[in-house]
Amino acid sequence: MHALGQLLLVLAAGSAGGRGDPRDTLACSQGLTCRLLDTDVLCGTEPPGPRQELALARLRLEPALRCTEPTACAPCLEARVRLALAPATGTATESPLSVQPGTAGTEDSGDGGQRSPATGATPSQPNVTGLLLLSGHTFASSRCVAVEVWAPLGPTLRRQTVGWVIFRCFEAPLGSELHISAYMNSRGRQRLSQQQRVPDCSWPAAQDAVPQCQVPRLRVSPGQKEVVVEVEGAAVGHSYTLRLYHNHSHGTSGPGRVVTMQSSPMNYVLPADEVLPCLCLQVWPETQDPLRATLCPFSHDAEAWERLWARSRLVLHIEGQVLTCSLSAPCDLLAELVPCWQPVPSGPCQPLPGLQQPAEGKGPQEFGGLRPHPNLCVQVWSGGQVRLTQCLRDRALPGRPDDLLLLERGENASLCAVERGACTPLASFTSRGAGHPGLLEQDLQRDVAGGQCQQLWHPSNRTGVTLWACPLHKYLRTHWALVWMGVLLGAACLLLLLLMKKEDMKGWLKSLRAGYGSSGPLQGRRALLVHAAEPVAERAACALMAALHSLGLTVVAAPGGGSGVAALGPLPWLHAQHHRALRDSDTIILLLSPAAVAAAQQWDTGVVPESGAAESSLGPRHSPDPGDVPAVAPCEVFAAALSCAMPVLAVAQGRYVVARLEALVPAVPPALRAAPAFALPADMERFLQALAGPARHRGRCLEPHVAAVAEALQRAVGE
């Protein structure tokens, strides 16, 4: 007991000027008296006490917070030690308590009584005294606490437990491992130890109280030309650091870009051209050991992936007789390198079997024993699509489009030609799709055996195939000679046939010259336009003649004729033009205006005009009905034209076309319904097709001219 007193005196003297933390607290349950001697002593150097009077029953650790302000706390572990009387101290009828070092005893339903604050006063009744030492160790620091405990020597408690000693607390960084030990300063000391992790920011009590856990959030707003990064939930008056970096599987590419933000709102504008799938953002407050909020928002952005592939580069290298390639990109690429065979630059590229390998992105990659050839290319496949293609032909090597790729499986196996995604046996192979199948089988086998073919890929345990590149130019020369002989023979036969059909050829050339000598779709056609002698009909006839003349149609109008009318007179001249139109199979256009309709109705009712046109006696004769009397005076010239046309129409001869001005004439008179009729300008397209005839309609396009002709006619009628 004298030695224990000396030790307590030394510890108490050391605590007066020691490194104790004033924020530490000590409490003990009812029935015990405890005093905190020092919060930072050197454990293991104290002398042992006289005998063991107090024993350790259990050590329990619980998470806690040590706070100076409600939002300025630090995480720690609270140590609770249950004490019991040593077996020698209890009465003879009490059973001893067996506690193994490092294990916990049975916990009572409570704390062994209510807590009482630690006091330094020594109780007046007989008691036992002990020195409790608590030590906490982390990876980088350690700490030891000395506590003096008094327990009364009255009637013993259940299971000889006397109460709890609670120390608050051992502080450590967030989420770190803390090893805490407890032992008494007595001979035959026992030690209880536990290891527990200090709470991190996932503990709800720490999220609002620990500054390191108050991490802001990142919000990204993408746009067409820029991306806005916003820091949300930032504390007022604090500075934050924003870091932008490229995330790689083998580590980040340098420190990236670091921005310090202080003002509110905390926004950062990033150009859209810099957005890549591996671009990540990280933000943290400028405090000690802060937590960092990390966000990689562009990993599934389609535009970011397209931008990444646009910045990726595939380069082929020839090192001796080995083909290598290098794939460089700002981000990691989940892709596959596929060698392929492309004889024609614009043609498909046939993948070589068994030679594909994943893209590593770290320096040049070899393809084993693959030898260079101008027709070899390397493609980068990702997501089922070809992203990049690079050919040896692009490195100024002359291409060989006539070389054929042959595949041989195993030794002394049959050869097959690799074309269009399949391997065709030489017995069924035809060169470039022409010739007899199997024609080159023996020649190609002889070239492979004689060393005239280049071996591209050596047989290996991985694939078991051999690839050969054999030239076909010597065989294709003979093939093209036969083709040219066939072309010359066909030309000679065609020339002989043309000589035998010389007269037919002259007619064909004449029609070709007439049809295609001008740009007008009606070039070479003629028409006779018959109209009434009234102002509206004359304006419509003039407009229609001008429009049709621009399409290449030769039009003669009646009444009219110039010097011919003066020499022959109106009616003989009209009969002569009508006879010529019938002889040359020209089109005769009957333009219906109000006066022309009156003349047609007069013909239909049998009333003959007084101008001497009574020689036409073929029309039907009946008494006129009062409703059939026209409101407009009939045109005598048009009635004379009907005397020429009606006999021909009656026998269905001649090319007659009836064109009525739909704004003035509602229907075609019955006398003219035997000819095809068109309402102008609504049926202008069908009218032009009738003028062009069936053959012309098939070879020419009239749609671009319909609107112009219809507009000219509409303007003339509306004046």
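Asker: Any details on the overall build of the protein? Residues and values, ideally.
Answerer: A count of helices and strands for the protein gives 13 helices and 35 strands. Counting all 719 residues of the protein, 42% fall into the buried class. Surface accessibility of the protein: about 37500 Å² in total, with carbon and sulfur atoms responsible for 55%.

Asker: Run through the state of the cysteines, naming residues and quoting values.
Answerer: Taken as a whole, this structure holds eight disulfides when the rule is applied. Each disulfide pairs two cysteine sulfurs, and for Cys 340 the partner residue is Cys 349, the sulfurs being separated by 2.0 Å. On the S-S bond that ties Cys 340 to Cys 349, the torsion sits near 85 degrees, and the link is right-handed. In this pair, the class of Cys 340 matches that of Cys 349, namely buried.

Asker: Go over the environment of Ser 135, please, and point to the residues and values.
Answerer: For Ser 135, the position within the fold is in strand S6 (residues 127–137). Separated by 44 residues in sequence, Ser 135 and His 179 place their C-alpha atoms 8.1 Å apart. In contact with Ser 135, not counting residues within four places along its chain, are Cys 43, Arg 143, Cys 144, Phe 170, His 179, Ile 180 and Ser 181.

Asker: Summarise the pattern of salt bridges; cite the residues concerned and give the values.
Answerer: Scanning all chains against the criterion turns up 17 salt bridges. Of the charged contacts in the structure, one is a salt bridge between Asp 24 and Arg 143, with a shortest N-O distance of 2.0 Å. Pair noted here: Asp 24 is in the loop between helix H1 (2–16) and strand S1 (25–29) and Arg 143 is in strand S7 (residues 142–152), with a separation of 119 residues, a long-range link. Residue Asp 24 is classed as buried on the basis of its relative accessible area, which comes to 9%.

Asker: Describe the sheet that holds strand S19 (residues 322–328), listing the residues and the values that go with them.
Answerer: Pairing in this open sheet of three strands is antiparallel, and the strands run S18-S19-S23 from one edge to the other. Edge positions in the sheet fall to strand S18 (313–319) and strand S23 (365–366), since each of these pairs with one other strand and no more. As defined by bridge partners, S19 adjoins S23 across two bridges and the pair is classed as antiparallel. Following the sheet pairing, Cys 325 is matched in S23 by Gln 365.

Asker: Help me get a handle on the sheet that holds strand S14 (residues 257–261), residues and values and all.
Answerer: Strand order in the open sheet formed by four strands is S14-S13-S16-S17, and the pairing between neighbours is antiparallel. Every other strand in the sheet has two partners, leaving S14 and strand S17 (293–295) as the edge strands with one partner each. On average, adjacent strands in this sheet sit at an angle of 15 degrees to one another, irrespective of strand direction. Where strand S16 (residues 279–285) meets S17, three bridges bridge the pair, whose relative direction is antiparallel. Paired with Gln 282 across the two strands is Thr 294, which belongs to S17.

Asker: I'd like to hear about a nonpolar patch on the surface, residue by residue, with values.
Answerer: A contiguous nonpolar patch, built from Val 483, Trp 484 and Val 487 and spanning about 290 Å² of accessible area, is present on the exposed surface. We classify Val 487 as partly exposed; its relative accessible area is 44%.

Asker: Which residues make up the packing of aromatic side chains, and what values go with them?
Answerer: On inspection of all chains with the given rule, the structure shows two aromatic pairs. Between the aromatic rings of Phe 678 and Phe 687, the centroid separation amounts to 6.0 Å while the plane-to-plane angle is 70 degrees, which identifies the pairing as edge-to-face. When the ring centre of Tyr 245 is taken as reference, the NZ or CZ atom of Arg 243 above it lies at 4.3 Å. The ring of Trp 284 is capped by Arg 292, whose NZ or CZ atom sits 3.7 Å from the centre of that ring.

Asker: If you had to explain the environment of Gln 601 to someone new, which residues and values would you point to?
Answerer: Assignment of secondary structure puts Gln 601 in helix H10 (residues 594–605). The exposure class assigned to Gln 601 is partly exposed, which follows from its relative accessible area of 30%. On a C-alpha basis, the gap between Gln 601 and Leu 672 in space is 9.7 Å, while along the polypeptide they are 71 residues apart.

Asker: Tell me what's going on with the packing of H10 against helix H11 (residues 636–650), and back it up with residues and numbers.
Answerer: Where H10 meets H11, the axes come as close as 9 Å, and the angle between the chain directions of the two elements is 50 degrees. Accordingly, the angle class assigned to the pair H10 and H11 is oblique. Considering only the axes of H10 and H11, their crossing is right-handed. Every residue of H11 that contacts H10 at Ala 596, Ala 599, Ala 600 and Trp 603 is listed here: Phe 638, Ala 639, Leu 642, Ser 643 and Met 646.

Asker: Quick one: what's the story with the pairing of strand S11 (residues 217–222), residue by residue and with numbers?
Answerer: Relative to strand S12 (residues 226–232), S11 runs antiparallel, the two being bridged by six bridges. The partner of Pro 222 across the bridge, within S12, is Val 227. Where S11 folds back onto S12 in an antiparallel hairpin, the turn is made up of three residues.

Asker: I'd like to hear about helix H3 (residues 302–311), residue by residue, with values.
Answerer: Taken as a whole, H3 has its buried residues at Ala 304, Arg 307, Leu 308 and Trp 309. Where the residues of H3 are buried, they touch strand S24 (376–382) and strand S25 (385–391). Two or three places before Glu 303, at the start of H3, stands the capping residue Asp 301, its side-chain oxygen 2.9 Å from that residue's backbone nitrogen.

Asker: If you had to explain the side chain of Asp 24 to someone new, which residues and values would you point to?
Answerer: For Asp 24, the side chain forms a polar contact with the side chain of Arg 66, separated by 2.2 Å. Apart from the residues within four sequence positions on either side, Asp 24 is in contact with Leu 36, Thr 39, Arg 66, Arg 143, Phe 167, Arg 168 and Cys 169.

Asker: Can you break down H10 residue by residue, with the values?
Answerer: Taking 1.5 Å per residue as the helical rise, H10 with its twelve residues ought to reach 16 Å, and the 16 Å between its terminal C-alpha atoms agrees with that figure. Extensive coverage of H10 is indicated by the burial of nine of its twelve residues. When H10 is considered as a whole, its buried residues turn out to be Ala 595, Ala 596, Val 597, Ala 598, Ala 599, Ala 600, Gln 602, Trp 603 and Thr 605. On its buried side, H10 packs onto strand S33 (587–592) and H11.

Asker: Report on the packing of helix H7 (residues 535–550) against helix H13 (residues 703–718), specifying residues and quantitative values.
Answerer: Where H7 meets H13, the closest approach of the two axes is 8 Å, and the angle between their N-to-C directions is 160 degrees. Judged by the angle between their axes, H7 and H13 are roughly antiparallel. Considering only the axes of H7 and H13, their crossing is right-handed. Listed contacts from H13 to Val 536, Arg 539, Ala 540, Ala 543, Leu 544 and Ala 547 of H7 are Val 709, Ala 712, Leu 713, Ala 716 and Val 717. In terms of residue class, the contact of H7 with H13 is made up of ten nonpolar, no polar and one charged.

Asker: Hey, could you go over the environment of Glu 366 for me, with residue numbers and the actual values?
Answerer: With respect to the element layout, Glu 366 can be found in strand S23. Sequence-wise, Glu 366 and Ser 326 are 40 residues apart; in three dimensions their C-alpha atoms are separated by 9.2 Å. Excluding its chain neighbours within four sequence positions, the residues that come into contact with Glu 366 are Val 322, Leu 323, Thr 324 and Gln 357.

Asker: So, the confidence of the model for the protein: which residues are in play, and what are the values?
Answerer: Here the protein averages 75 in pLDDT, and 74% of its residues register 70 or above. Taken element by element, the protein is modelled with least confidence in H1, mean pLDDT 36, and with most confidence in H3, mean pLDDT 93. Here residues 1–20 is a poorly scored stretch, pLDDT under 50, and it has 25 contacts once near neighbours within four places are set aside; other chains count. A low-confidence stretch, residues 89–123 stays under pLDDT 50, and its non-local contacts, those more than four residues away or across chains, total 77 contacts.

Quick notes on the rules
- Residues numbered from 1 in each chain as written.
- Predicted model: local features only at pLDDT ≥ 70, side-chain atom pairs only at ≥ 80, totals over all residues.
- Heavy atoms only, no water.
- Helix = DSSP H or I, 4+ residues; strand = E, 2+ residues; numbered from the N terminus.
- Buried < 20%, exposed > 50% of the residue type's maximum accessible area, 1.4 Å probe, protein only.
- Areas by Shrake-Rupley, 256 points an atom, 1.4 Å probe, with all protein chains shown as cover.
- Disulfide = S-S within 2.5 Å.
- Contact = heavy atoms within 4.5 Å.
- Salt bridge = Lys/Arg side-chain N within 4 Å of Asp/Glu carboxyl O.
- Pairing = 2+ DSSP bridges.
- Axes fitted to C-alpha atoms, helices over the stretch in contact; angles between N-to-C directions.
- Patch = residues over 30% accessible without salt bridge, like charges linked within 9 Å, V, L, I, M, F, W, Y side chains within 5 Å.
- Phe/Tyr/Trp six-rings, centres within 6.5 Å; stacked < 30°, edge-to-face > 60°.
- Lys NZ or Arg CZ within 6 Å of the ring centre and 35° of its normal.
- Parallel < 35°, antiparallel > 145°, perpendicular 65-115°, else oblique.
- Left-handed = near helix turned anticlockwise from the far one by under 90°.
- Polar contact = N/O pair within 3.5 Å; in protein donor to acceptor, adjacent residues only side chain to side chain.
- Expected span 1.5 Å × (residues − 1).
- Nonpolar A, V, L, I, M, F, W, Y, C, P; charged D, E, K, R; others polar.
- pLDDT = per-residue confidence, 0-100.

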